[in-house]
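# Descriptive analysis of the structure
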Amino acid sequence: MRIFAIFKRILLQRLGDKRSLVLLFIAPLVILSLLYLLLQVPTKVSYRIGIDNQASEVAKSLPKKDQFPYQLSQNNKLVIIKVNNSKMSTFNENNLAAVILINDNSIDVTYANKDTGMTQVISGIVNGSVQKTQAKKTQLEIQQAVDSAIKKVITSAPQLSEKDLPNLSGSSASSFKITDHYLYGDSKLNPFNNLAPVLVAFFVFFFVFLISGISLVNERSSGTLIRMLVTPVKRSEIVAGYTLSYGLLAVIQTVLVVLWARYGLHMKVLGNFGWVLLINLLIALIALLMGLMLSAFSTTEFQFVQFIPIAIVPQALFSGLINVDTMAQPLQWLAHIMPLYYGVDALQKVIKQGMGFNQIWIDLSILLGIVILLYFMNVVALKNLRRT
């Protein structure tokens, strides 16, 4: 009987908590549906390749359909661009996945290697084209040898001996030599380096959000925040004080995470490491202010944790774990409202492409704008809290 009474009390408490019911029954359905949409076959993938000698037989042997861009499959396409070198600036200016420099039988292929899957596809295309060209070249030489033999038979059959006949069992066609290079990593790029920008940004965001939010909920439940709100202290001053205090801890945590990833786990960085630190600091600041804002709507740690599926899971899904460029258009629009999308985009450009301020200033401006917006939203949230 007492067990039933406890069961009834807890059940009635949960039934009266609409937020818990939504988290328990609705959130899993929404997240699973979102994952279903994200994990569909990519709608489009553009393979951009730079070639210096487009008149070469290898370039002509690349798969084509009338003209480029060529539809590799129903939605994917191969785009060929004229280039003169394989410098990093050439890659960045044209957004290339690979550059092919052709000199007679020597083929020099440099891969950007930002996406190992794309590198493997392009490698298969290049090797297939080289094999096709080699087969044509061999077939042509055999045909020429056969024609020469027939001509000799016709013109000098009585004097022809067996040693005069060409050896058609093999070919003297010179083989192509392919040399591979990689701007980022190598052919055996490990999964961590491939996802390093995403992982570092996400963990910085997640832990700063969690610690700052729960800490402020404790301040509220203990009455400290309420006592401050009844004093002449301005709401903007309270937000600034919390931001500076927890921000200092966030800075230390961010620096430790980034330095450990760089020097402890050997994360490869092509660009200026200072930009990596700055971008992650902005991400941490956004997580801090988001955690502070959502904590204003929570009276207990459990209620704050309920915000994680809303605030954290979408950030992870649209951060770059799944290539946003291959998503359907509505999902790409959704990705562009996620702060972590811009942070990871900037990190990808610095870490994997060696870009600098001129290429990431838009991402930095958006991140800074989100910081300012969240700051004022926190001020408004405290205003509502003061009324209660």
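Fair warning: this is a prediction, and the values are worked out from it, not measured in the lab. (Residues numbered from 1 in each chain as written. Predicted model: local features only at pLDDT ≥ 70, side-chain atom pairs only at ≥ 80, totals over all residues. Heavy atoms only, no water.)

### Re the overall build of the protein chain
- When helices and strands are tallied, the protein chain shows 15 helices and six strands.
- Relative to its 388 residues, the protein chain shows a buried fraction of 40%.
- Here the protein chain displays about 21,500 Å² of accessible surface, and carbon together with sulfur accounts for 63% of that area. (Helix = DSSP H or I, 4+ residues; strand = E, 2+ residues; numbered from the N terminus. Buried < 20%, exposed > 50% of the residue type's maximum accessible area, 1.4 Å probe, protein only. Areas by Shrake-Rupley, 256 points an atom, 1.4 Å probe, with all protein chains shown as cover.)

### Remarks on the nonpolar core
- Counting 70 residues, the largest nonpolar core has F209, I279 and F318 as the members making the most contacts within it.
- Per-element tally for this core: the top contributor is helix α9 (residues 273-295), with 14 residues.
- Aside from chain neighbours lying at most four places away, what touches F318 is L34, L38, V324, M327, L331, L334, A335, M338 and Y341.
- Judged by nonpolar contacts, the second largest core, of 22 residues, contains A97, I102, Y111 and V126. (Core = buried A, V, L, I, M, F, W, Y, C linked by side-chain atoms within 4.5 Å. Contact = heavy atoms within 4.5 Å.)

### Quick look at helix α8 (residues 235-264)
- Across its 30 residues, α8 extends 41 Å between first and last C-alpha, which sits within 8% of the 44 Å expected from 1.5 Å per residue.
- Along its length, α8 shows its largest kink, about 25 degrees, at G247.
- Within α8, burial applies to I238, V239, Y242, T243, Y246, G247, A250, T254, V258 and A261.
- Phi turns positive, to about 60 degrees, at H266, one or two residues after α8. (Expected span 1.5 Å × (residues − 1). Bend = angle between axes of the 7 residues up to and from the residue.)

### Concerning the pairing of strand β4 (residues 98-103)
- In this structure, strand β1 (residues 46-51) lies alongside β4, joined through three bridges in parallel fashion. Note that in β4 the partner of I51 across the bridge is I100.
- Looking at chain direction, β4 and strand β5 (residues 106-111) are connected through six bridges and run antiparallel. Bridging from a neighbouring strand, I100 pairs with V109 of β5.
- Between β4 and β5, which pair antiparallel in sequence order, lie two residues; one of them, D104, sits at a positive phi of approximately 55 degrees. (Pairing = 2+ DSSP bridges.)

### Looking at the pattern of salt bridges
- Taken as a whole, this structure holds two salt bridges when the rule is applied.
- Put simply, K349 and D345 hold a salt bridge, and the shortest N to O gap is 3.3 Å. Of this pair, K349 and D345 both sit in helix α14 (residues 339-353), separated by four residues, roughly a single helical turn.
- The partly exposed category is assigned to D345, whose relative accessible area is 23%.
- A network of salt bridges, in which partner residues are shared, links D345, K349 and D363. (Salt bridge = Lys/Arg side-chain N within 4 Å of Asp/Glu carboxyl O.)

### Regarding the packing of α8 against α9
- Here α8 crosses α9 at 140 degrees, and the two axes come no closer than 9 Å. The orientation of α8 relative to α9 falls into the category oblique. Seen from above, α8 lies across α9 with right-handed handedness. Taken together, the residues of α9 that come into contact with α8 (itself represented by Y242, T243, Y246, G247, A250, V251, T254, V255, V258, L259, R262 and Y263) are F273, V276, L277, N280, L281, A284, L285, L288, L289 and L292.
- Partitioning the contact of α8 with α9 into residue classes produces 17 nonpolar, four polar and one charged. (Axes fitted to C-alpha atoms, helices over the stretch in contact; angles between N-to-C directions. Parallel < 35°, antiparallel > 145°, perpendicular 65-115°, else oblique. Left-handed = near helix turned anticlockwise from the far one by under 90°. Nonpolar A, V, L, I, M, F, W, Y, C, P; charged D, E, K, R; others polar.)

### Observations concerning the environment of N280
- In this fold, N280 is placed in helix α9.
- As for N280 and G343, which are separated by 63 residues in sequence, their C-alpha atoms are 7.3 Å apart.
- Once residues lying within four places of it in the same chain are set aside, the contact partners of N280 are V200, A201, V204, T254, V258 and L347.

### Description of the confidence of the model for the protein chain
- Model confidence for the protein chain is summarised by a mean pLDDT of 78, while 78% of its residues fall at 70 or above.
- Predicted confidence in the protein chain is weakest over strand β2 (residues 70-71), with a mean pLDDT of 49, and strongest over α14, with 91.
- Every residue in residues 66-70 is under pLDDT 50, and counting partners more than four places away or in other chains gives 13 contacts.
- Residue range residues 168-173 is modelled with pLDDT below 50. Its contacts to residues more than four positions away, or to other chains, number ten contacts. (pLDDT = per-residue confidence, 0-100.)

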